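# Observations on the three-dimensional arrangement
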Amino acid sequence: MAEDHQGRGLSKVLLDAMADTARRAGLGTVLVPVRPTWKERYPLVPIERYAAWTRDDGTPFDPWIRTQVGAGGTIAAASAHSSRITGTVAEWEHWTGLALPEDGEYVFPGGLAPLQVDRARDRGAYWEPGVWITHEA
Ligand SMILES: CC(C)(COP(=O)(O)OP(=O)(O)OC[C@H]1O[C@@H](n2cnc3c(N)ncnc32)[C@H](O)[C@@H]1OP(=O)(O)O)[C@@H](O)C(=O)NCCC(=O)NCCS
């Protein structure tokens, strides 16, 4: 969401509209693939554990998961393997803005999990984790 529209409750409007659309289509459940907003701050924590983190008030720690749950959603599953992104080492250096001089694991800006680099095969590979949240229509 564009920065100047964040924090205004717009996501609840969108989620309600999705549920309304599903209900009108005769569907029972909306399944939302969520990219948790603050997971990039904790790229080494397994997504299953991160998704279960809560604040002192008992609500989900992550702002986007919290917004979804506040709108009536239920965490259905967390997946360490949501999207696969692969490229050459040069491509990953370009995408991340980092030098990747050795084989191994790298944390990179905006990444929700570490990137694996194999220079002999000229390959970087990344699994983006995600969280599935269901909303009854
Ligand atoms: C988290 C986010 C999706 C919430 O949507 P929103 O409609 O703007 O937010 P709301 O006004 O309903 O606020 C919901 C909660 O998120 C928090 N929040 C809003 N924008 C935030 C941001 N940029 N960073 C961290 N927390 C944020 C609010 O403080 C509020 O917290 P509370 O439960 O303690 O009251 C959104 O603001 C955000 O972080 N956007 C950037 C990333 C993004 O777009 N993610 C979706 C990609 S699929």
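Now for a description of the structure that goes with this document. Here the structure is a predicted model, which is why all the values come from computation and not from measurement.

## Let's talk about helix H3 (residues 63-70)
- If you check which residues of H3 are buried, you get Pro63, Ile65 and Gln68.
- The inward-facing, buried residues of H3 contact helix H1 (10-24), strand S1 (29-34), helix H2 (47-52), strand S2 (74-87) and strand S5 (123-136).
- Backbone nitrogen of Trp64 and a side-chain oxygen of the N-cap are separated by 3.0 Å at the start of H3; the cap is Asp62.

## Remarks on the pattern of salt bridges
- Per the counting criterion, the structure on display carries five salt bridges.
- As a salt-bridge pair, Asp16 and Lys12 come within 2.9 Å of each other at their nearest N and O atoms. You can see Asp16 and its partner Lys12 sitting in helix H1, four residues apart, about one turn around the helix.
- Overall, Asp16 belongs to the partly exposed group, its relative accessible area being 32%.
- Exposure remark for Lys12: the relative accessible area of 36% places this residue in the partly exposed category.

## Remarks on a nonpolar patch on the surface
- Side chains of Met1, Leu10, Val13 and Leu14 sit close together on the surface and give an oily, nonpolar patch of about 380 Å² of accessible area.
- Here Leu10 shows up in helix H1.

## Remarks on the nonpolar core
- Membership of the largest hydrophobic core comes to 14 residues, with the highest contact counts inside it found for Val32, Val34, Tyr50, Ile65, Val131 and Ile133.
- For this core, the secondary-structure elements that each account for two or more residues are H1, S1, H2 and S5.
- If sequence neighbours within four positions are ignored, Val32 has contacts with Leu15, Met18, Gln68, Val131, Trp132, Ile133 and His135.

## Here's the deal with the pairing of strand S4 (residues 115-118)
- Judged by which residues are buried, S4 turns out to be one-sided: Leu115 and Val117 face inward and are buried, whereas Gln116 and Asp118, on the alternate face, are not.
- Across three bridges, the pairing between strand S3 (residues 104-106) and S4 is antiparallel. Paired with Tyr106 across the strands is Leu115, a residue of S4.
- With three bridges connecting them, S4 and S5 associate as antiparallel partners. Among the inter-strand pairings, Val117 is bridged to a residue of S5, identified as Gly124.
- Here S4 hands over to S5 after four residues, with Asp122 in that stretch at a positive phi of 50°.

## Overview of helix H4 (residues 89-96)
- Taken together, the buried positions of H4 are occupied by Val89, Trp92 and Thr96. Around the axis of H4, the buried residues are gathered within 60° of arc, so they sit on the same side. Exposed residues pointing more than 90 degrees away from the buried face of H4 are listed as Ala90 and His94.
- Buried-residue contacts for H4 involve S2, S4 and S5.

Each value, and the rule that gives it
- Residues numbered from 1 in each chain as written.
- Predicted model: local features only at pLDDT ≥ 70, side-chain atom pairs only at ≥ 80, totals over all residues.
- Heavy atoms only, no water.
- Buried < 20%, exposed > 50% of the residue type's maximum accessible area, 1.4 Å probe, protein only.
- Helix = DSSP H or I, 4+ residues; strand = E, 2+ residues; numbered from the N terminus.
- Contact = heavy atoms within 4.5 Å.
- Polar contact = N/O pair within 3.5 Å; in protein donor to acceptor, adjacent residues only side chain to side chain.
- Salt bridge = Lys/Arg side-chain N within 4 Å of Asp/Glu carboxyl O.
- Patch = residues over 30% accessible without salt bridge, like charges linked within 9 Å, V, L, I, M, F, W, Y side chains within 5 Å.
- Areas by Shrake-Rupley, 256 points an atom, 1.4 Å probe, with all protein chains shown as cover.
- Core = buried A, V, L, I, M, F, W, Y, C linked by side-chain atoms within 4.5 Å.
- Pairing = 2+ DSSP bridges.
- Arc of directions from axis to C-beta.

Everything listed is a geometric property; what it means functionally is a separate question.
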